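Per-entry structural report
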Amino acid sequence: METEACEVLYRFFRTASEYIEGYRGDAPYPESFAFTGDSTSVVAATGAAVNTECAAAYPAGTGNEQSGTGKAAFTGLAGNSGFVADDSFAESAGGSASGGMYTETVGGSSETLFRSMQEIYAAVAQCSACVLGRTRTHPVAGEGPEELSRLTNSVEVMVVGEGPGADEDRQGRPFVGRAGQLLDKMLEAIQLSRKTNCYITNVVKCRPPQNRDPAPEERSCCAAFLDAQIRLLRPKMILVMGRIAAQHLLQTSDGIGKLRGRFFDYQGIPLMPTYHPSALLRDESLKRPAWEDLKRFRARLHELQAQG
Ligand code: URA
């Protein structure tokens, strides 16, 4: 393993352990680690596996299969929202910074929605489509570098979590509590940051009371927002934190243990689920597989960056 990779890995484990120790009062983490395998072989193994996984995960006709831009690429992902991208979005998704444009088909006629992130934020702020909108303190729409809200194709990675917790509900910002601080460290370990190149959001934009899982109907209510955010920003890759978000985006009941570390195709965007930082805080043994996932994710991102 390269020295630099070792250092990054070590930093990540230390960081995760600090949080875990703070949380559970465990003994100090060992000063050094022995690792087997290297990042090059992980990358090399990725190519073949990705295609197989994508094909298996997205049988033709589900709407999740590999496809180009335009309506066919998006129809399966909107769940109950009826969202489809129109031709002008297909153009913007191809690289224009003019912003996405979305139409919702309602009773045979089409209505244009969400031309900008600001429009999404405004709609989230007013939403009371499900019970979560009535119990929240603040909506938590998402967060990234300022300019992301204006530019399409400007974000490297979108991170998708489950839903706001108590801290997020108080502040109106995603991933700001203990799990959020660990998430920031995980991202930093692969050169990502919400300040520069990464947009962070959740499946549901309002806090489920007592931090319960968001119900399927609550996720459906919010699906149009996340869908529009992805189409507007058009990230190079999507990192999905935890079971709920992974099951929602991939429309599967498979557990996170099965989904994590694999690449899936989401509207032509490589998507990888991994363990939620809260899970790492609860279970130290998940740190190593989480780091393996992040390394694979980073390698794929570097490939895409090299392609331009
Ligand atoms: N957990 C999540 O999934 N999202 C947040 O924003 C915070 C904690």
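The residue count restarts for each chain, going from 1 along the sequence in the order it is written. Two thresholds apply to this predicted model, a pLDDT of at least 70 for residue-level local features and 80 or more for giving and counting side-chain atom pairs, whereas whole-chain, interface and lining totals are computed over all residues. Each side-chain value is derived from all of the structure's non-hydrogen atoms; neither hydrogens nor water enter the calculation.

1. Here's the deal with the sheet that holds strand E4 (residues 157–161)
By definition, the strands of a sheet pair up through backbone hydrogen bonds, in either a parallel or an antiparallel sense. Pairing within the open sheet is mixed, and its five strands lie in the order E5-E4-E6-E8-E7. Of all strands in the sheet, those with a lone pairing partner are strand E5 (198–202) and strand E7 (264–266), marking the two edges. Each strand of the sheet is rotated relative to its neighbour by a mean of 30°, with strand direction disregarded. With four bridges joining them, strand E6 (residues 237–241) and strand E8 (residues 269–274) adopt parallel strand pairing. What sits directly across from methionine 241, in E8, is threonine 274. Contacts between residues were defined by any pair of non-hydrogen atoms, one from each residue, lying within 4.5 Å. Only the stretch in contact is used when a helix axis is fitted, and all axes are lines through C-alpha atoms; the angle between N-to-C directions ranges over 0 to 180 degrees. Helix numbers and strand numbers start at the N terminus; a helix is a DSSP run of H or I with at least 4 residues, a strand a run of E with at least 2. Contacts from helix H10 (residues 243–250) reach E4, E6, E7 and E8, with the element oriented near 130° to E6. Whether two strands pair comes down to DSSP finding at least two bridges between them.

2. So, the state of the cysteines
Disulfides are defined in this document as cysteine sulfur pairs within 2.5 Å. All chains considered together, the criterion is met by zero disulfides. A disulfide-free cysteine, cysteine 206 has its sulfur positioned 6.0 Å from the sulfur of cysteine 222, the nearest such atom. Relative accessible area decides the class of each residue, using a 1.4 Å probe on protein chains only: under 20% of the type maximum gives buried, over 50% gives exposed, and in between gives partly exposed. On the accessibility criterion, cysteine 206 (8% relative accessible area) is buried. What makes cysteine 222 buried here is its relative accessible area of 9%.

3. Remarks on the environment of threonine 135
Mapping threonine 135 onto the fold places it in helix H6 (residues 132–135). Residues threonine 135 and proline 208, 73 residues apart in the sequence, show an inter-C-alpha distance of 8.1 Å.

4. Here we look at the packing of helix H5 (residues 117–126) against helix H9 (residues 216–233)
Look at H5 against H9: their axes get within 10 Å of each other, and the N-to-C directions meet at 170°. In this view, H5 runs roughly antiparallel relative to H9, as classed from their interaxial angle. Each of Met117, Ile120, Tyr121, Ala123 and Val124 in H5 lies in contact with H9, whose residues at this interface are Phe225, Ala228, Gln229, Leu232 and Leu233. By definition in this entry, angles of less than 35 degrees are roughly parallel, angles greater than 145 are roughly antiparallel, angles of 65 to 115 are roughly perpendicular, and the rest are oblique.

5. Let's talk about the pattern of salt bridges
Salt-bridge detection follows one rule: a side-chain nitrogen of Lys or Arg within 4 Å of a carboxyl oxygen of Asp or Glu. For the structure on display, the rule yields 12 salt bridges. In this structure, arginine 260 engages aspartate 293 in a salt bridge whose closest nitrogen and oxygen atoms are separated by 2.8 Å. In this pair, arginine 260 is assigned in the loop between helix H11 (256–259) and E7 and aspartate 293 in helix H13 (residues 287–307), connecting sequence segments 33 residues apart. With a relative accessible area of 22%, arginine 260 lands in the partly exposed category. The salt bridge partner of glutamate 284 is lysine 287, with a shortest N-O separation of 3.5 Å.

6. Remarks on the confidence of the model for the chain
pLDDT is defined as a per-residue confidence score from the predictor, taking values between 0 and 100. Per-residue confidence for the chain gives a mean pLDDT of 72; residues scoring 70 or more make up 61%. Per-residue pLDDT stays below 50 along residues 15–112; that stretch engages in 172 contacts with residues further than four places along the chain or on separate chains.

7. Section: the pairing of E8
The element E8 is extensively covered by neighbouring structure, given that six of its six residues are classed as buried. Residues of E8 alternate between two faces, with Ile269, Leu271 and Pro273 on one and Pro270, Met272 and Thr274 on the opposite face, all of them buried. What sits between E7 and E8 in their antiparallel hairpin is a turn of two residues, with glutamine 267 showing a positive phi close to 55°.

8. Some points on unusual backbone geometry
The backbone of glutamine 210 shows a phi angle near 55°, a positive value even though the residue is not glycine. Here glutamine 210 falls in the exposed class, since its relative accessible area comes to 73%. Phi at asparagine 211 is positive, roughly 55°, even though this residue is not glycine. One can find asparagine 211 in the loop between E5 and H9.

9. Some points on the packing of aromatic side chains
Working definition: a ring pair exists when centres of Phe, Tyr or Trp rings (six-membered ring for Trp) sit within 6.5 Å. Plane angles under 30 degrees give stacked, over 60 give edge-to-face, the rest tilted. Under the defined criterion, the tally for this structure stands at one aromatic pair. An angle of 55° between the planes, with centres 5.9 Å apart, marks the rings of phenylalanine 114 and phenylalanine 225 as tilted. Taken together, the residues span a long stretch of sequence, with phenylalanine 114 in the loop between strand E3 (109–113) and H5 and phenylalanine 225 in helix H9 at a distance of 111 residues. On the basis of relative accessibility, which here comes to 11%, the residue phenylalanine 114 falls in the buried class. Only when the NZ atom of a Lys or the CZ atom of an Arg is both within 6 Å of the ring centre and within 35 degrees of the ring normal do we say a charge sits over the ring. In this arrangement the basic side chain of arginine 300 is found over the ring face of phenylalanine 263, its NZ or CZ atom lying 4.8 Å from the centre.

10. Side note on the site of the ligand
Taken together, Gly161, Glu162, Gly163, Glu168, Pro174, Phe175, Asn202 and His276 are the residues near the ligand. Any N or O atom pair separated by 3.5 Å or less is treated as a polar contact, with the protein-specific requirement of one donor-capable and one acceptor-capable atom, and with residues adjacent in sequence counted only for side-chain atom pairs. Note that an oxygen atom of the ligand is positioned 2.9 Å from one of the side-chain N or O atoms of histidine 276. Here the ligand has 240 Å² of accessible area as a free molecule, and 91% of this is covered by the chains. Each residue gets one of three labels, nonpolar for Ala, Val, Leu, Ile, Met, Phe, Trp, Tyr, Cys and Pro, charged for Asp, Glu, Lys and Arg, and polar for the others, Gly among them. Here the residues of the shell around the ligand sort into two nonpolar, four polar and two charged. Being near a molecule or strand, for a residue, means having at least one of its heavy atoms within 4 Å of it. The Shrake-Rupley method, run with a 1.4 Å probe sphere, supplies the accessible areas, and residue values consider only the shown protein chains as cover.

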